[in-house]
Amino acid sequence: MSTLPENERIDMRWDGWGDPARAHGLPGGVKLLLTAVLGRVPKAPRIPRLADVRISTPPLADADLDALAEAVGEAHVDAGHDVRLLHAGGKSTPDLLRRREAEQVAPGAVVLPGTEGEVAAVLAVAGERGLAVVPFGGGTAVTGGLAPDAGPHRGVVSLDLRRLTGLVAFDDVDQEATFLAGTTAPAAETLLAERGFELGHFPQSFEFATLGGFAAMRSSGQSSAGYGRFDAMVTGLRAVTPTGALDLGRAPGSAAGPDLVRWFLGSEGTFGVTTRLRLRVHPAPEARLFDAWTFRSFAAGADALRRVAQLGTGPTVIRLSDEEETAVSLAQVGSIGRALTRGCSAVVLHEGPADLTPARREATTRVLREAGGEQADAKLAAAWDHGRFKAPYLRDALLAHGVFCETLETATTWSNLHALKAAVTTALARGFAEERAKNRILCHISHVYPTGASLYFTVIAGLGPEPLEPWGRVKSQVNDTIMAAGGTISHHHGVGTDHAPWLEHEIGSAGIRMLRAVQAELDPAGIMNPTALIPRP
Ligand SMILES: Cc1cc2nc3c(=O)[nH]c(=O)nc-3n(C[C@H](O)[C@H](O)[C@H](O)COP(=O)(O)OP(=O)(O)OC[C@H]3O[C@@H](n4cnc5c(N)ncnc54)[C@H](O)[C@@H]3O)c2cc1C
């Protein structure tokens with residue numbers, strides 16, 4: 001097995017996003033823009049020092065810790081104050097606002113199994129002792145899936161997968177790689193690059209998220225137009241459940257009943273722990289050709305993207321910003337796009353073999369031009385590429401400045417796309433008006449399918465010094481609106497605890513009963529992530 005050094009991970013900032021060394025303040029230009037748009041916003045509460053935070057939930061009892069130590073070794077069970085807080089939740093804006101509170105909830109202990117056998121042993125101990133288990137990958141969840149909520153159980157064990165990493169098998173003929181599930185996305189790409197291959201899954205959380213987390217949440221990366229969503233890359237997996245392990249995905253195609261691999265994708269740790277994943281990989285691209293486009297309107301741009309998706313001309317990235325997002329992006333890249341003062345910008349990337357990629361680009365170019373697009377300075381696309389992982393650092397700077405910033409996403413068919421966008425925008429605007437909050441709502445399409453596309457909204461608002469509750473009200477109305485307007489409750493952020501109340505609307509009561517029935521079979525005591533995904537009866 002091929003592994004990277006154990007300390008390959010940078011520990012993420014506990015109270016914000018990313019590498020603490022890369023945290024930065026608000027650029028002067030952005031400060032000016034914000035004052036113009038939101039007026040004066042009150043300063044955000046100070047973030048307490050980690051050591052000063054009180055934890056309202058007790059650590060596990062000594063007898064529980066001893067039993068867990070028997071399962072994974074004493075060195076891999078930690079009920080220390082700081083480690084518990086580092087596993088207290090994910091990285092949504094509400095999560096980060098909770099990090100500002102003087103008293104917080106946290107799991108009772110963190111365990112780090114080093115083998116699949118140890119994962120099974122932890123689940124057995126938890127089942128016997130009435131403890132809930134919340135699997136913890138990179139800790140980047142944004143829909144509450146890491147909430148340390150015990151449900152009906154005595155306490156919560158955070159099962160951190162950071163020791164379960166590495167490349168287990170690689171086959172360049174089949175173009176498949178098997179990884180342990182705690183492998184981070186950058187580590188996976190490093191191990192594949194050594195073999196001339198790549199996975200090509202680049203969500204904005206790329207730097208910290210794990211393969212197990214991608215599978216659990218059915219995530220979608222920025223190159224989804226070319227390489228597909230993460231769930232499309234999974235050809236097999238092993239899951240360790242409280243009642244035993246399952247190895248799924250025997251052949252590249254199979255009619256042996258319903259596809260049980262898919263049952264685990266998106267199960268968000270509620271059926272068990274995914275411990276390894278077999279993934280489709282491809283040779284590292286020889287060519288990477290960036291283009292930037294402009295369209296007179298979002299509708300014209302969306303129509304162009306639809307044609308590309310339906311003709312299958314083969315870009316790996318294709319994304320379209322609406323007018324608001326285009327204006328804000330251009331303000332950030334300074335002079336590059338001065339010529340573009342109206343309309344919408346799009347970024348397109350073609351990647352692949354040197355001899356095939358230019359022809360694919362040409363085919364896409366023809367379609368976009370016929371649909372009314374005009375080619376813009378390619379530096380705009382290069383600027384997007386350069387800044388693609390920086391936005392979460394900007395969110396921290398905004399929050400520190402007292403500006404609320406959050407994202408939400410959905411998807412629907414092409415024919416319903418504009419109605420859904422209008423409905424969500426109206427619901428957001430109405431919600432913020434009720435809270436008397438000045439705001440700006442930006443939107444883009446970043447994932448396209450022959451039949452439809454995703455819509456990704458970024459909101460910036462002056463919600464006041466305690467934004468958690470007002471945002472909760474706004475978000476709830478928006479979720480109702482998404483359901484009424486025919487969208488999905490999530491295209492890629494998943495359900496977690498935040499979206500669980502809306503799942504039944506999406507999959508029906510029979511769908512919820514199916515999930516509960518599978519969970520009852522695999523996890524009869526209901527210890528696995530008990531408040532995520534499946535609404536409790
Ligand atoms: C700034 C930012 C940008 C983001 N950008 C994107 C994006 O572009 N596209 C996208 O799809 N998502 C995005 N996300 C959301 C998030 O990164 C994804 O949901 C990701 O898949 C989570 O992976 P993780 O390893 O961090 O999992 P975690 O956050 O640790 O866990 C997520 C959920 O999966 C469960 N889980 C984790 N590992 C396992 C396992 N091995 N077995 C069973 N259950 C498990 C956890 O219990 C939890 O419920 C973003 C998040 C942030 C904060």
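Keep in mind it's a predicted model, so treat the numbers as computed, not measured. (Residues numbered from 1 in each chain as written. Predicted model: local features only at pLDDT ≥ 70, side-chain atom pairs only at ≥ 80, totals over all residues. Heavy atoms only, no water.)

Considering the overall build of the protein chain
Our working rule: The way it works is that DSSP assigns letters per residue, a run of H or I at least four long becomes a helix, a run of E at least two long becomes a strand, and they are numbered from the N terminus. Just to be clear, the radius of gyration here is over C-alpha atoms, and the globule rule we use is 2.2 Å times residues to the power 0.38. Residue burial is assigned from relative accessible area. The probe radius is 1.4 Å, only protein chains are included, and a residue is buried under 20% of its type maximum, exposed over 50%, and partly exposed in between. Here, two residues are considered to be in contact whenever any of their heavy atoms come within 4.5 Å of each other. The method behind every accessible area is Shrake-Rupley, applied with a 1.4 Å probe, and residues are considered shielded solely by the protein chains displayed. When charges are counted, neither His nor the chain ends are considered; positive counts come from Lys and Arg and negative counts from Asp and Glu. For this purpose, a charge sits on NZ of Lys, CZ of Arg, CG of Asp or CD of Glu.
Check the secondary structure of the protein chain and you find 18 helices and 20 strands. For 537 residues, the compact-globule estimate of 2.2 N^0.38 gives 24 Å, and the protein chain sits close to it at 23 Å. Seen through its principal axes, the protein chain has C-alpha atoms that stretch 70 × 60 × 45 Å. Here the protein chain, with 537 residues, has 56% of them falling under the buried criterion. The long-range share in the protein chain, meaning contacts at least 24 apart out of those at least 6 apart in sequence, stands at 77%. As presented, the protein chain carries roughly 22,300 Å² of accessible surface, and 53% of it is formed by carbon and sulfur atoms. Across the protein chain, the centroid of the 52 positively charged side chains sits 7 Å from that of the 60 negatively charged ones.

Describing the pattern of salt bridges
Where side chains of opposite charge bring their charged atoms close, a pairing between them can arise. Let me state the cut-off plainly: Any Lys or Arg side-chain nitrogen found within 4 Å of a carboxyl oxygen on Asp or Glu counts as a salt bridge.
Counted according to the given criterion, the structure contains 29 salt bridges. Across the pair Arg361 and Asp291 runs a salt bridge, and its minimum N-O distance is 2.9 Å. Placement of the pair is Arg361 in helix H13 (residues 357-370) and Asp291 in strand E14 (residues 287-295), with a sequence separation of 70 residues.

Some thoughts on helix H18 (residues 500-522)
Since one α-helical turn is 3.6 residues long, residues separated by three or four positions face the same way. Rules: The span expected for a helix works out to 1.5 Å for each residue beyond the first. Fitting axes to the seven residues ending at a residue and to the seven starting there, one defines the bend at that residue as the angle between these axes.
A rise of 1.5 Å per residue sets the reference length of H18, with its 23 residues, at 33 Å; its end C-alpha atoms lie only 20 Å apart and thus fall more than 12% short of the reference. Its maximal kink placed at Ile507, H18 deviates by approximately 110°. Residues Ala500, Trp502, Leu503, Gly511, Ile512, Leu515, Gln519 and Leu522 constitute the buried set of H18. Contacts made by the buried residues of H18 are with strand E10 (234-241), strand E11 (244-248), helix H10 (260-264) and helix H17 (468-484).

A few points about the side chain of Ser446
Our working definition: N or O atoms closer than or at 3.5 Å make up a polar contact, with two conditions inside protein: a donor-capable atom paired with an acceptor-capable one, and, for residues adjacent in sequence, both atoms drawn from side chains.
Here Ser446 shows up in the loop between strand E19 (439-445) and strand E20 (452-461). A polar side-chain atom of Ser446 sits 3.5 Å from a polar atom in the side chain of His447. Once residues within four sequence positions are removed from consideration, Ser446 is found in contact with Ser224, Ile318, Arg319 and Ser454.

Some words on the packing of aromatic side chains
This is how the line gets drawn: What counts as a ring pair is set by centres within 6.5 Å for rings of Phe, Tyr and Trp (its six-membered ring), and what kind of pair is set by the plane angle: stacked under 30 degrees, edge-to-face over 60, tilted for all other angles. Two conditions define a charge sitting above a ring: the NZ of Lys or the CZ of Arg must be within 6 Å of the ring centre, and it must be within 35 degrees of the ring normal.
Enumeration according to the criterion identifies nine aromatic pairs in this entry. Between Phe206 and Phe389 the ring centres are 5.6 Å apart and the planes differ by 20°, which places this aromatic pair in the stacked class. One end of the pair, Phe206, is in the loop between strand E9 (197-198) and helix H7 (211-217); the other, Phe389, is in the loop between helix H14 (379-387) and helix H15 (391-400), and 183 residues separate them in sequence. Take Phe206: its relative accessible area is 12%, and that puts it in the buried class. Centroid distance Phe264 to Phe271: 5.8 Å. Interplanar angle 85°. Geometry classified as edge-to-face. Residue classification places Phe264 among the buried positions, given a relative accessible area of 5%. For Phe271, a relative accessible area of 1% puts it in the buried group. Sitting above the plane of the Phe170 ring, Arg195 keeps its charged end 5.9 Å from the centroid.

Some points on the site of the ligand
The condition that has to hold: If even one non-hydrogen atom of a residue comes within 4 Å of a molecule or strand, that residue is called near it.
The ligand sits among 35 residues. The nearest are Pro135, Gly137, Thr140, Ser205 and Thr210. Residue Ala141 places a main-chain N or O atom 2.7 Å away from an oxygen atom belonging to the ligand. Here a nitrogen atom of the ligand and a backbone polar atom of Thr274 are 2.9 Å apart. For the ligand, the accessible surface in isolation is 970 Å², of which the surrounding protein chains cover 97%.

All quantities given are derived from atomic positions and should not be read as evidence of function.
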